[in-house]
Amino acid sequence: MVLIAIPLLLTLAPTPEEAFENVKVPEGYAKQLIAAEPEVMDVVAFCFDDEGNIYIAESFRQENAVPDNRSSPFWLLDDIQSQNNEDRLRMYEYWADQRKDGMAFYSEFEERVRKLEDTDGDGVYETSTVFADGFNHPLDGTAAGLLAMEDDVWLTMIPSLIRLEDANRDGWAETQERMFDGFGVRIALRGHDMHGLAIGLDGRLYWSIGDRGYHVELEDGQTFHSPGEGAVFRCEFDGSDFGIFHHGLRNPQELAFDNYGNLFTGDNNSDAGDQARLVYCVEGGETGWRMEYQTLEGENKRGPWVQENGWNPHASERPAWILPAIDTIASGPSGLTYYPGGGLEDRYEDHFFLCDFRGDASYSRVLSFAVEPKGASFEKVDEHVFIDHVLCVDVDFSYDGKVVVSDWGFGWVGNEEGRLYSIWDDRHRHEGDVSEIFAEGFNKRTASELIELLGHKDRRVRIRAQLELSNRDVVEEVTQAIESEHQLKRIHAMWTLAMLNRKSDASIEPITKLLHDEDDEVRVQAIRILGESGEVSAYEKIAALTFSDNPRVAFFATIAAGHLGQPLEEVTALLERNNDEDVYLRHAGVVALANSQYASTLANLSAHPSPAVRLGAVLALRKQSSPLLSHFLSDKDDSVATEAARAIHDVPVTGALHELASTLPNARTYSWARRALSASERLGNDEYIEQLVAFAMDESNEERMRQLALSMLATWTAPPHREQVEGKWWP
C-alpha cells in the first residue's frame, strides 16, 4: 500500500514549471516564475524591503515540531487547560514518550527567514541567502508573518514578535530581539499561527494570532490574557503602548488596511457547516470564536458558534455580543493585501486581493473584491477570481508595479516545495512603479519633499513619508499640509500630527478645528485622533456628533466620547434611536458605555423603556464582567434576558451564577436554558436537583435539552470537567 501511495503522491505534485504554466491570469496580463525550490521552500509569508529584495518565511516545523490536536488527540484535555506557554512546555514534557525521540522532537527542525535578490534586473530572484535561522526552541511555532522597513525585518512566530536587524547590510540579521513573548499558549490546529504584520494609518504596528491564544506580561505589570481566542494586537514601533484591538477570531491569517485606516481580515471556518468570513476589525470588536468550539461534536457541535448562529453574519437570530462579519468569503482565506494605488486597471482602485488556499492548485485562487459603506460598516462588492489555479499562501504588490504570489506547492503540509510568481499589466505597470522612491529612501529627504509625498497615489509611500516626518520637528509644516485640498494628503498630515503628539506632546489643536469640516471622512479621522489622544477639551463637540446623520461619523464619535467623558445621555439616545438596526452603531454605544460608566449606572438602565438600551447596557456590563448582569435576567424581553444569561455563563461572571441557575424554570430560550442548566451543574448545589428533574420531566422542553438535564443528574456527584455550553475546562 505504501509503495503505491508514494509514487502516486510524486506524480500528483507538479514541477515548478508545470505549476507556473497552469496559473491563469487576467486576459492581457503577463506572468513570470521568479523563484522556485530549492532556493525557496515551504513559503508561509513574504515581504519586500526598500531595495525590492524579497524576504520569505520558510516553515519546516509544521507537524515535525509544531503539532496539531487532530494528530495528537491524547493531550486534548491538557491543551484546553493550558493558560500560558509554561503550561504548554510542561505538557510537551509530560507527553514526551508519545514522540519517537522524546523532547528532541520539538527541536529537530527549524524555521528560517531567507532573502532573495534579483541582481541582474531580469525579474528573476536568482540569489538566495539565509537571513535568519536557528528558530527551533520547543515553544517556537511557525514563522508566519514578515514586514521589512529600513534595517529592520519584523517576524511573527509563536511565541514572539521578533525584530531582526541587519545594521551592517551584509544580508545576515545579527540582531534577533524578541519584543514580546507569550503568544500561542495552546496547540489548537496547525496553521493557527501569529501573522498579519501591517502598518496602520495611525503609524502603529499591527499583527494577528489564531485561536492558540495569548498570555502576554508587560514590564509595567500589565497582563493580557486570553488562552483560547485569536486577536489583533498593536503597538508603537519601539514596543510601547501594546494593546488588544479586536478579538474573538479563529484564524485571521493576514491584515489589510484601506486608504482610510479601516482594518480587514479573512477568518477561516471550522468545517461544521459554517463559512469563512470577511471581518471588519474595530476597536473593542469581538467576533465570537473560542478554541474549545473546535472540539465539540454531537448535539452541541461547535457550541454557540454553530448552534446559535454565532458565525453567520446574515442570520436573523444570533448572539448580540458577537460583532458579525461583513460577509462570507472564500473557503481558506490566507494572504490578504490592499491595492496600493497604481499598477492595474481602474477597476482595481480600492480593491483587496485575498488568497483562497484549498490544499490543491486546481481549486485555489486569488480573489479580488472591494467594500462599500453600509451604515457604520461595509458590504462586499465586485468579488471575482483574479488569479486562478495557484495554491496561494500570500499575495502582495512589489514596488515596481507587479502582483507577486507565493505558491505552496502541493498539499497541506510542508514538502520542501515553493514558488513565487509575478503578474503584471504592461498597460499600467509603470503607474505603480515606486521602486526608485523606496530605493532612495525617506530619511534623507527634506521635510518639503516628505510633505509632498503625503499626497502620493501609492499608500505605501504616504505611510512611509508619514513615519519619517513623525521623527522630525515639523509641526508647522504638517499643520499647513492639513489645509491642503488633497483629501488623502490632509488625512496623512493629520495622523502625522497625531504621531508627533504621541512622541513629543505636540499640540493637536489644529485637529479640533476639523470636527466640522465639510469632508465627512476628514471629520471621522479628526474624531479618531482626538478620542485616542485623550483631548478632553474636544469632548462636547465630539459628543454632539453622536447625533450625526452619517453613521460612520456617529460610530467613531460615540467611541471617542466614551474615552473623553461620560456620554450617558448621548449614548442611550443613540441606542434607542438605532433600535438595534445597525449592529456596529450598537457596538460603538456598548464600547462607550463600558469605558465611561460605573456598573451601577448601567444596572439602573434595567428600568429603561427601550429594549435596545437595556440590551446595550447588558453588553457593556459583559465587557465589565459585572455581577450586576443578574438584574437583567428578569427582563421581559427575551433577547435582553438571554444575552444576560450568555454573559454570566460564558465570561464567566461567577458572582452571578447562582442567580442564573435559579432562572431555569423561567428560561424562555434555548441559549438561556442551556446556560441555566450548565450553571446548576457547575455550582453543584443540591437545591438545583429538583428543578433539573422538573425540567427533564416537562415535555414542552426541547428533547435534547431534557436529555442534557438527565445526563447532568446522572453525573451530579462527579460532573465532567468541561462545561456543557462552550466546552471550557471548568472543574
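Up top is the structure these notes are about.
As the structure is a prediction and not an experimental result, all values here were calculated from the model.

Caption draft 1: Inspection of the pairing of strand β13 (residues 223-226) at higher detail. What you see with β13 is a clean split: F224 and S226 sit on the buried side and T223 and H225 on the side with no burial. As defined by bridge partners, strand β12 (residues 214-217) adjoins β13 across 4 bridges and the pair is classed as antiparallel. Directly across from V216, in β13, lies its bridge partner F224. Taking the residues that link successive antiparallel strands as the turn, the β12-β13 hairpin has 5 residues, and the phi of G221 there is positive, at about 100°.

Caption draft 2: Representation of empty space enclosed by the protein in the model. Summed over all chains, the structure comprises 2 cavities of 30 Å³ or more. As a volume, the largest cavity reaches approximately 700 Å³. In this structure, the largest cavity is lined by 39 residues; those nearest its centre are L147, L197, A198, T337 and D396. Within the residue set of the lining of the largest cavity, elements represented by two or more residues are β2 (43-48), β6 (143-149), β10 (194-199), β16 (255-257), β21 (333-338), β25 (392-397) and α8 (459-469). Ranked by residue count, the leading element in the lining of the largest cavity is β6, at 6 residues. Estimates place the volume of the second largest cavity at around 140 Å³.

Caption draft 3: View of the side chain of E468. By the secondary structure assignment, E468 is in helix α8. You can call E468 buried: its relative accessible area is 11%. Beyond its immediate stretch of four places on either side in the chain, E468 contacts E150, F442, N443 and L450.

Caption draft 4: Region of the structure containing the environment of D181. Position of D181 among the secondary structure elements: in strand β9 (residues 175-181). In the structure, D181 is positioned 472 residues away from V653 in sequence and 28 Å away in space, judged by C-alpha atoms. Among all residues touching D181, those that are not within four sequence positions of it are P159, S160, H215 and V216. A distance of 2.2 Å separates a polar atom in the side chain of D181 from a polar atom in the side chain of S160.

Caption draft 5: How the structure looks around a negative patch on the surface. A surface patch of like charges, here negative, comprises D346, E349, D350 and E431. For D350, the position within the fold is in the loop between β21 and β22 (351-356).

Caption draft 6: Highlighting the nonpolar core. In terms of nonpolar packing, the biggest core is built from 134 residues, with I54, I511, I527, I542, F555, L660 and L677 touching the most fellow members. It is helix α14 (residues 551-564) that contributes the most residues to this core, 9 residues altogether. Among residues more than four places away in sequence, those in contact with F555 are V282, A376, Y584, L585, H587 and A588. Counting 26 residues, the second largest nonpolar core, distinct from the first, contains W154, M179, L197 and F233.

Caption draft 7: The arrangement of the packing of aromatic side chains in detail. Tallying each qualifying case throughout the model produces 42 aromatic pairs. When the ring of F555 is compared with that of F556, the centres are 4.9 Å apart and the planes differ by 85°; the resulting orientation is edge-to-face. Comparing F555 with F556, the two get one shared label, buried. An aromatic cluster is present here, built from F74, W75, Y92, Y94, W95, F105 and Y106 joined pairwise through their rings. Directly above the aromatic system of F20 lies the positively charged group of K31, at a separation of 4.8 Å from the ring centroid. The side chain of R445 reaches across the aromatic face of F442, ending 5.9 Å from its centre.

Caption draft 8: Inspection of the environment of S678 at higher detail. Within the secondary structure, S678 sits in helix α21 (residues 670-683). A relative accessible area of 0% means that S678 is categorised as buried. In this structure, the C-alpha to C-alpha distance between S678 and E723, residues 45 residues apart in sequence, is 6.4 Å.

Caption draft 9: Up close: the sheet that holds strand β17 (residues 263-267). The 4 strands are arranged β16-β17-β18-β20 in an open sheet whose pairing can be described as antiparallel. This sheet does not close on itself; its edge strands, each paired only once, are β16 and β20 (327-328). Where strand β18 (residues 277-281) lies against β20, 2 bridges are found, and the strand directions are antiparallel. Looking at β20, one finds that L278 is bridged to D327.

Caption draft 10: Broad picture of the packing of α8 against helix α10 (residues 487-504). One way to put it is that α8 packs onto α10 with a least axis distance of 9 Å and a crossing angle of 30°. As judged from the angle between their axes, α8 and α10 are roughly parallel. Handedness of the α8/α10 crossing: right-handed. Mapping the contact onto sequence places R462, I463, Q466, L467 and L469 in α8 and L488, H492, W495, T496, M499 and L500 in α10.

Caption draft 11: The arrangement of unusual backbone geometry in detail. The linkage connecting E37 with the following residue, P38, adopts the cis geometry, with an omega of 10°. Summarising the element assignment, P38 is placed in the loop between β1 (30-36) and β2. Residue P159 follows I158 across a cis peptide bond; omega there is 10°. Take P159: it is sitting in the loop between β7 (152-157) and β8 (160-165).

Caption draft 12: Summary view of the sheet that holds β22. Reading across from one edge, β21-β22-β23-β24 is the order of the 4 strands in this open sheet, with antiparallel pairing throughout. This sheet does not close on itself; its edge strands, each paired only once, are β21 and β24 (377-388). With direction set aside, neighbouring strand axes in the sheet form an average angle of 25°. The pairing of β22 with strand β23 (residues 365-374) spans 6 bridges and is antiparallel. Paired with C355 across the bridge in β23 is V366.

What counts, and at which threshold
- Residues numbered from 1 in each chain as written.
- Predicted model: local features only at pLDDT ≥ 70, side-chain atom pairs only at ≥ 80, totals over all residues.
- Heavy atoms only, no water.
- Buried < 20%, exposed > 50% of the residue type's maximum accessible area, 1.4 Å probe, protein only.
- Helix = DSSP H or I, 4+ residues; strand = E, 2+ residues; numbered from the N terminus.
- Pairing = 2+ DSSP bridges.
- 1 Å grid on protein atoms, 1.4 Å probe; cavity = no way out; pocket = protein on both sides within 12 Å on 5 of 7 lines; lining within 4 Å.
- Points joined across faces, edges and corners; volume = space filled by probe spheres on them.
- Contact = heavy atoms within 4.5 Å.
- Polar contact = N/O pair within 3.5 Å; in protein donor to acceptor, adjacent residues only side chain to side chain.
- Patch = residues over 30% accessible without salt bridge, like charges linked within 9 Å, V, L, I, M, F, W, Y side chains within 5 Å.
- Areas by Shrake-Rupley, 256 points an atom, 1.4 Å probe, with all protein chains shown as cover.
- Salt bridge = Lys/Arg side-chain N within 4 Å of Asp/Glu carboxyl O.
- Lys, Arg positive; Asp, Glu negative; His and termini not counted.
- Charge placed at Lys NZ, Arg CZ, Asp CG, Glu CD.
- Core = buried A, V, L, I, M, F, W, Y, C linked by side-chain atoms within 4.5 Å.
- Phe/Tyr/Trp six-rings, centres within 6.5 Å; stacked < 30°, edge-to-face > 60°.
- Lys NZ or Arg CZ within 6 Å of the ring centre and 35° of its normal.
- Axes fitted to C-alpha atoms, helices over the stretch in contact; angles between N-to-C directions.
- Parallel < 35°, antiparallel > 145°, perpendicular 65-115°, else oblique.
- Left-handed = near helix turned anticlockwise from the far one by under 90°.

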